[in-house]
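The residues making up each chain are set out below.
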Amino acid sequence: MHSLSLKKLRDGIHAGNFSVMEATDAYLERIANFNEELNAFITVTRDSAQAQAVEIDNRIRKGELDGAMAGLPYALKDLFCSKDVLTTCGSNMLRNFVSPYDAHVAERLKAAGGVLLGKNNMDEFAMGSSNETSAFGNVRNPWDTDCVPGGSSGGGAATVAARLAPVALGSDTGGSIRQPASFCNITGIKPTYGRISRYGMIAFASSLDQCGPMAPSAEDCAITLNVIAGLDARDSTSVDRPVPDYTATLNDSIDGLKIGLPKEFFAEGLNPQVGAVIERAIKEFEARGAIIKEVTLPNSHLAVPVYYVVAPAECSSNLSRFDGVRFGHRCENPQDLKDLYERSRWEGFGAEVKRRIMIGTYALSAGYYDAYYLKAQKIRRLIQQDFAEAFKDVDVIMGPSAPTTAFKLGAKKDDPIAMYLEDLYTIPVSLAGLPGMTFPIGFAADGLPVGMQLVGNYFEEARMLNIAHQYQLSTDWHTQVPAKFA
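Just so it is clear, the model here is predicted, and its values are computed rather than measured.

Here is what the cut-offs are and how they apply
Residues numbered from 1 in each chain as written. Predicted model: local features only at pLDDT ≥ 70, side-chain atom pairs only at ≥ 80, totals over all residues. Heavy atoms only, no water. Disulfide = S-S within 2.5 Å. Buried < 20%, exposed > 50% of the residue type's maximum accessible area, 1.4 Å probe, protein only. Axes fitted to C-alpha atoms, helices over the stretch in contact; angles between N-to-C directions. Helix = DSSP H or I, 4+ residues; strand = E, 2+ residues; numbered from the N terminus. Parallel < 35°, antiparallel > 145°, perpendicular 65-115°, else oblique. Contact = heavy atoms within 4.5 Å. Nonpolar A, V, L, I, M, F, W, Y, C, P; charged D, E, K, R; others polar. 1 Å grid on protein atoms, 1.4 Å probe; cavity = no way out; pocket = protein on both sides within 12 Å on 5 of 7 lines; lining within 4 Å. Points joined across faces, edges and corners; volume = space filled by probe spheres on them. Core = buried A, V, L, I, M, F, W, Y, C linked by side-chain atoms within 4.5 Å. Pairing = 2+ DSSP bridges. Phe/Tyr/Trp six-rings, centres within 6.5 Å; stacked < 30°, edge-to-face > 60°. Lys NZ or Arg CZ within 6 Å of the ring centre and 35° of its normal. Polar contact = N/O pair within 3.5 Å; in protein donor to acceptor, adjacent residues only side chain to side chain. Salt bridge = Lys/Arg side-chain N within 4 Å of Asp/Glu carboxyl O.

## Regarding the state of the cysteines
Covalently bonding the sulfur atom of one cysteine to the sulfur atom of another cysteine gives a disulfide.
Part 1 of the reasoning: Summed over all chains, the structure comprises zero disulfides.
Part 2 of the reasoning: Of all cysteine sulfurs in the structure, the one in Cys 147 sits closest to Cys 184, which takes part in no disulfide; the separation is 9.9 Å.
Part 3 of the reasoning: As a non-bridged cysteine, Cys 221 has Cys 211 as the owner of its nearest cysteine sulfur, 11 Å distant.
Part 4 of the reasoning: Judged by its relative accessible area of 0%, Cys 221 falls in the buried class.

Okay, structure coming up:
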């Protein structure tokens with residue numbers, strides 16, 4: 001059952017080939033068998049999942065529920081609030097926090113008849129590119145358990161890659177869906193900023209964070225996106241714009257599609273093994289009638305330093321609420337209010353979170369705001385303008401999702417700069433607020449997966465999903481599963 005696509009799983013449930021309970025139990029059994037090795041889940045909601053499955057089976061039999069996600073199991077990154085479920089953000093700060101409400105996307109999936117299997121492990125407060133900063137231990141890549149799965153949505157990527165769930169929701173601030181999707185041989189999409197509500201999504205960097213689905217295929221992502229996209233009045237950044245049926249255009253031809261290849265993405269920094277796989281995939285698009293053009297993003301080399309001013313500044317502001325007073329970790333026997341603040345935050349946050357809070361606080365401080373934060377925001381606009389110019393000549397932009405394949409656990413943990421450069425190709429897209437996605441295109445010489453990054457213009461998720469789907473119709477990379485988990 002775990003080998004079925006989301007669509008086939010849904011069709012099987014509604015045809016009566018198997019029940020929601022059977023599907024739910026099949027995935028819960030896989031989680032029980034493999035999660036200890038992968039550490040992909042922080043919390044498994046076995047009892048509530050089985051209760052949901054019984055209820056949904058009854059509603060389907062009575063004809064009360066026939067939604068796109070009816071009966072389909074899913075997992076959530078542990079920064080989406082889930083009512084009455086532990087929601088930790090991968091941090092000791094929230095180790096005991098049980099959310100009193102559902103995030104917008106959790107509400108949408110629940111209303112559509114989805115079954116929550118559990119909450120995925122993640123880099124602490126979504127800060128990391130390897131899933132090694134979690135207070136609950138690192139996640140392992142199913143393709144090589146000595147390697148990282150990517151981050152910060154590494155738990156979701158490993159979950160989908162090992163088929164412990166047919167779909168998972170992740171978040172992407174600077175590449176946290178797209179980079180782990182590349183490392184784990186799955187499809188993941190970060191929609192246009194504002195396309196999906198951030199209500200109930202514990203914030204890291206509010207002008208960058210965006211939710212998105214992670215699944216084996218573009219079609220599975222399209223089915224999920226249909227459910228979770230749309231306006232939410234509780235989120236002031238949620239865009240009031242009609243939501244298309246993302247599955248309706250999946251089979252459109254890509255003949256004549258103009259694909260832009262940024263010359264900056266194919267220069268120094270890209271591992272030759274990864275580059276060779278990407279070049280082969282580009283030739284397949286050419287064979288299907290696509291037109292390949294070189295484009296330039298002249299300010300993209302500034303994206304990483306810009307991001308590591310803007311994102312920590314927003315993180316410094318957002319995480320100030322965790323002070324040991326209202327909720328979250330509180331130190332024992334504080335001497336006074338200052339001691340309460342200092343020790344609660346020191347004990348609750350990990351090293352990477354502390355580093356980013358310090359950087360952000362410095363960048364926002366008097367005397368440095370203009371020199372760092374304001375200047376970074378101006379360069380951010382230049383990066384956005386580079387994309388706007390490129391899209392005058394091409395329909396979409398393609399390139400690598402990450403400069404390397406998955407690296408060994410611990411290889412970059414003590415070198416923050418090397419870790420930050422893992423998001424070299426994904427960060428510019430996030431700074432511009434554009435939609436980006438990764439889909440599997442093969443394996444490098446080291447035997448590890450490689451993903452292609454696809455970037456569309458604003459609100460062109462349907463076109464991107466169509467392009468990836470057309471590629472997946474003629475290739476089987478997205479169906480491949482590590483032998484141990486097949």
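## Thoughts on the packing of helix α11 (residues 351-364) against helix α12 (residues 369-390)
The description of two helices packed together rests on the angle between their axes and the distance between the axes.
Part 1 of the reasoning: Between α11 and α12, the shortest axis-to-axis distance is 7 Å and the interhelical angle comes to 105 degrees. As summarised for this structure, α11 and α12 are arranged roughly perpendicular, according to the angle between their axes. Packed against α11, whose contacting residues are Tyr 362, Ala 363 and Leu 364, the element α12 presents Tyr 369, Tyr 372 and Tyr 373 at the interface.
Part 2 of the reasoning: Here the residues of the contact of α11 with α12 sort into six nonpolar, no polar and no charged.

## Some details on empty space enclosed by the protein
Part 1 of the reasoning: Considering all chains together, one arrives at two cavities of 30 Å³ or more under this definition.
Part 2 of the reasoning: What the largest cavity holds in volume is close to 70 Å³.
Part 3 of the reasoning: Around the largest cavity, the lining is made up of 13 residues, and of these Ala 126, Gly 128, Ser 176, Tyr 307 and Asp 423 lie nearest the centre.
Part 4 of the reasoning: Roughly 30 Å³ of volume is contained in the second largest cavity.
Part 5 of the reasoning: Looking at the second largest cavity, the residues that line it are Ser 182, Val 274, Ile 278, Pro 400, Ser 401, Ala 402, Thr 404, Thr 405, Pro 449, Val 450 and Gly 451.
Part 6 of the reasoning: Contributing elements (two or more residues each) for the lining of the second largest cavity: α8 (272-287) and β11 (449-455).
Part 7 of the reasoning: For the lining of the second largest cavity, the element with the most residues is β11, which contributes three residues.
Part 8 of the reasoning: For the lining of the second largest cavity, the class distribution of residues is six nonpolar, five polar and no charged.

## Focus on the layout of surface pockets
Part 1 of the reasoning: Empty space within the largest pocket amounts to approximately 400 Å³.
Part 2 of the reasoning: Lining the largest pocket are 19 residues, with Ser 3, Ser 5, Ser 217, His 478 and Thr 479 sitting closest to its centre.
Part 3 of the reasoning: Elements with a minimum of two residues in the lining of the largest pocket: α1 (6-14), α7 (218-228) and α15 (461-473).
Part 4 of the reasoning: Of the residues forming the lining of the largest pocket, the biggest block, three residues, is contributed by α15.
Part 5 of the reasoning: Volume-wise, the second largest pocket comes out at about 310 Å³.

## Here we look at the nonpolar core
Part 1 of the reasoning: In terms of nonpolar packing, the biggest core is built from 141 residues, with Phe 125, Phe 387 and Leu 465 touching the most fellow members.
Part 2 of the reasoning: A total of 10 residues in this core trace back to one element, the largest contributor, which is helix α9 (residues 303-318).
Part 3 of the reasoning: Those residues in contact with Leu 465, other than ones at most four positions away along the chain, are Ile 189, Ala 218, Cys 221, Ala 222, Leu 225, Tyr 246, Leu 250 and Met 437.
Part 4 of the reasoning: The next biggest cluster of nonpolar side chains, apart from the first, holds eight residues, and it includes Phe 183, Ala 402, Ala 406 and Met 419.

## Section: the sheet that holds strand β3 (residues 115-120)
Part 1 of the reasoning: Taken in spatial order, the 11 strands make up an open sheet running β1-β3-β2-β4-β6-β5-β10-β11-β9-β7-β8, and their pairing is mixed. A strand with exactly one partner marks an edge of an open sheet, and here the two such strands are β1 (41-44) and β8 (291-295). Taking the axes of each pair of neighbouring strands and ignoring which way they run, one obtains an average angle of 30 degrees across the sheet.
Part 2 of the reasoning: With two bridges connecting them, strand β5 (residues 187-190) and strand β6 (residues 210-215) associate as antiparallel partners. Its bridge partner lying in β6, Gly 188 is registered against Met 214.
Part 3 of the reasoning: Sitting on the sheet, helix α3 (residues 46-61) touches β1 and β3, and the angle it makes with β3 is about 160 degrees.

## A word on the packing of aromatic side chains
Part 1 of the reasoning: Counted according to the given criterion, the structure contains 20 aromatic pairs.
Part 2 of the reasoning: An aromatic cluster of at least three residues, connected via ring pairs, comprises Phe 97, Phe 125, Phe 322, Phe 327 and Phe 349.
Part 3 of the reasoning: Lying over the aromatic face of Tyr 199, Arg 234 brings its terminal NZ or CZ to 3.9 Å of the ring centre.
Part 4 of the reasoning: Here Lys 354 stacks its cationic end above the ring of Trp 346, 3.3 Å away from the centre of that ring.

## Remarks on the side chain of Gln 52
Part 1 of the reasoning: The topology assignment puts Gln 52 in helix α3.
Part 2 of the reasoning: Only 3.3 Å separates the side chain of Gln 52 from the backbone nitrogen of Leu 116, close enough to count as a polar contact.

## What about the pattern of salt bridges?
Part 1 of the reasoning: Counted by the stated rule, this structure contains 20 salt bridges.
Part 2 of the reasoning: Ionic pairing is found between Arg 234 and Glu 107, a salt bridge with its closest N-O pair at 2.8 Å. One end of the pair, Arg 234, is in the loop between α7 and β7 (258-262); the other, Glu 107, is in helix α4 (residues 104-111), and 127 residues separate them in sequence.
Part 3 of the reasoning: Here Glu 107 falls in the partly exposed class, since its relative accessible area comes to 32%.
Part 4 of the reasoning: Between Glu 352 and Arg 356 there is a salt bridge, with the nearest N and O atoms lying 2.7 Å from each other. With Glu 352 and Arg 356 both in helix α11 and four residues apart, the pair spans about one turn of that helix. Summarising the burial analysis for this pair, Glu 352 and Arg 356 share the class buried.
Part 5 of the reasoning: Beyond isolated ion pairs, a larger network of salt bridges with shared partners links Lys 7, Arg 10 and Asp 11.

## A short note on unusual backbone geometry
Part 1 of the reasoning: Ser 152 follows Gly 151 through a cis peptide bond whose omega is 10 degrees.
Part 2 of the reasoning: Within the secondary structure layout, Ser 152 lies in the loop between β3 and α5 (154-161).
Part 3 of the reasoning: Positioned with a positive phi, Asn 131 is a non-glycine residue whose angle comes to about 60 degrees.
Part 4 of the reasoning: Mapped onto the elements of the fold, Asn 131 is located in the loop between β3 and α5.
Part 5 of the reasoning: Despite not being glycine, Asn 185 shows a phi value in the positive range, around 65 degrees.
Part 6 of the reasoning: One can find Asn 185 in the loop between α6 (178-184) and β5.

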